[in-house]
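# Structure at a glance
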Amino acid sequence: MIPYRCASSLTLADLEALDRDDPSGTWRDAFMLPDGVVYLDGTSLGALPRETPGRLQEVAARQWGQGLIRGWTAHDWIGAPQRVGDKIARLIGAGQGEVVVSDSTSVNLFKLLVAACRLRPGRPVILSEPGNFPNDLYVAQGLQGPSDGRIELRLAPADRIEAAIDERVAVVLLTHVHYKSAAVHDMARITARAHRQGALTLWDLSHSAGAVPVDLNAAQADFAVGCGYKYLNGGPGAPAYLFVARRHQAAAVSPIAGWLGHARPFDFVDCYAPAPGVGRFLAGSHPILGITALEIGVDLVLQADPQRLFDKSRALSELFVALVESRCDSQGLELASPREPQARGSHVALRHAQAYAVMQALIARGVIGDFRTPDLMRFGFAPLYNRHADIWHAVETLRDVLHTAAWDRSEFKQRQAVT
Ligand SMILES: Cc1ncc(COP(=O)(O)O)c(C=O)c1O
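The structure contained in this document is the topic of the report that follows. Predicted model, so just to flag it, every value in this text is computed and none were measured. (Residues numbered from 1 in each chain as written. Predicted model: local features only at pLDDT ≥ 70, side-chain atom pairs only at ≥ 80, totals over all residues. Heavy atoms only, no water.)

## Some details on helix α2 (residues 51-64)
Counted at 1.5 Å a residue, the expected span for α2 with its 14 residues is 20 Å, and the 18 Å between its end C-alpha atoms agrees. Within the sequence span of α2, burial applies to T52, V59 and Q63. Taken together, the buried residues of α2 touch β3 (48-49) and α8 (288-303). (Helix = DSSP H or I, 4+ residues; strand = E, 2+ residues; numbered from the N terminus. Expected span 1.5 Å × (residues − 1). Buried < 20%, exposed > 50% of the residue type's maximum accessible area, 1.4 Å probe, protein only. Contact = heavy atoms within 4.5 Å.)

Pasting the structure below:
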């Protein structure tokens, strides 16, 4: 490995040589990435696997078009949430039968927060941190109404979260890798503290799965959710997944008592009886085309050897930080992610007073990251398809955009609906 802290002497040729020797380099060919684009936004929407369009066409035309309703059994559509859930389980340290693919992350959060609160009656608090992904805070706040004001959201800063876990806390809700800063929470330590206080934990793994190591069961985590469209490359709006630790599966109940979470949906009885395992957290019919695309993305991560990918993700983000620090000095940039690689997930945030316009100028030059208000540029490193040379091109483009003030144009300052 190149000592990135001596990045000032690195050349593009050094990095191209690294890419040639990189055992995970071969996986880039498994993706359809446009020429001339350096894609550093896998933290928002992963790239398109080459296999996906053809497979979707096949499932639509043959399985659906020809098989019609028979597809539910002939192609095991009915078992898809569990089958793909078991594959995701291998990426997040869960056991078989502890993960299902279903709904969106938001809906899964709702289901699991309600289930967790019911397991801790008499404890009214969901504890999270200010600045957590707002969606997760909104979903927690949304429980106030249905609980007639009984359940409340309490926020404590990350460095005081453990001290804030008291006998009123039912569940600690945290995003494992922070969506802006990429700071990583110590899942095992926080979970241990929660358990000592009689509380449960619910982890949002959206920015973790497929990019950084996660070991839910080693950490004794209780519940987890995560997105399918980021590092799992399941496509825009891909279905999400949820994890319920086996020890909770008999007692935890979904607030959405849907028929596909029923023990015997095709008995069509009037009374709801939850399925015995994690499948009770399914609700309605699942999106077969969406799960088909997600399964391809998950299979790619599994085939590529997750541990090797995690190492590469760390190497790429370290390289990025080192190159920015050595080549973009005094350009008004500030590192808004932890400096130590082990304290960081697979993206890096840079603060700049003109972050939005700078990111638009980068995108116009084919370097795609994203912007998070008020002043952050986010660069995500997807170890399956990002190369060391991509990092070089991204940093050189950033340097030039800043040096020439190429961002200072009105069209780069107009905020779009999605940033
Ligand atoms: C940390 C985190 N949680 C949840 C979500 C929302 O997921 P969904 O759109 O599947 O509800 C996102 C989306 O970016 C996210 O970053």
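## Section: the site of the ligand
Lining the immediate environment of the ligand, one finds 13 residues, of which S106, D204, H207, Y229 and K230 sit closest. Residue D204 places a side-chain N or O atom 2.6 Å away from a nitrogen atom belonging to the ligand. Coverage of the ligand by the protein chains reaches 85% of its 400 Å² of free accessible surface. The cavity that encloses the ligand is the largest pocket. Mapped by element, the contributors of at least two residues to the shell around the ligand are α5 (105-119) and α6 (134-141). Broken down by class, the residue content of the shell around the ligand amounts to three nonpolar, seven polar and three charged. (Near = heavy atom within 4 Å. Polar contact = N/O pair within 3.5 Å; in protein donor to acceptor, adjacent residues only side chain to side chain. Areas by Shrake-Rupley, 256 points an atom, 1.4 Å probe, with all protein chains shown as cover. 1 Å grid on protein atoms, 1.4 Å probe; cavity = no way out; pocket = protein on both sides within 12 Å on 5 of 7 lines; lining within 4 Å. Sits in = over half its atoms within 2 Å of the grid points. Nonpolar A, V, L, I, M, F, W, Y, C, P; charged D, E, K, R; others polar.)

## Considering the nonpolar core
Ranked by size, the top nonpolar core spans 56 residues in total, and within it I88, I92 and L216 carry the most contacts. The dominant element in this core, judged by the number of residues it contributes, is α8, at six residues. Among residues more than four places away in sequence, those in contact with I92 are V99, L205, A209, V214, D215, L216 and Y241. (Core = buried A, V, L, I, M, F, W, Y, C linked by side-chain atoms within 4.5 Å.)

## Quick notes on the pattern of salt bridges
By the definition in use, this model includes 26 salt bridges. Between R83 and E295 there is a salt bridge, with the nearest N and O atoms lying 2.9 Å from each other. Remark: E295 occurs in helix α8 and R83 occurs in helix α4 (residues 80-89); sequence separation between them is 212 residues. Classification of R83 by relative accessible area gives partly exposed; the value is 29%. Notably, a salt bridge pairs E295 with K87, separated by 2.8 Å at the nearest N-O pair. One end of the pair, E295, is in helix α8; the other, K87, is in helix α4, and 208 residues separate them in sequence. For the pair formed by E295 and K87, the shared burial category is buried. One continuous salt-bridge network, built from bridges that share partners, spans D76, R83, K87, E295 and D299. (Salt bridge = Lys/Arg side-chain N within 4 Å of Asp/Glu carboxyl O.)

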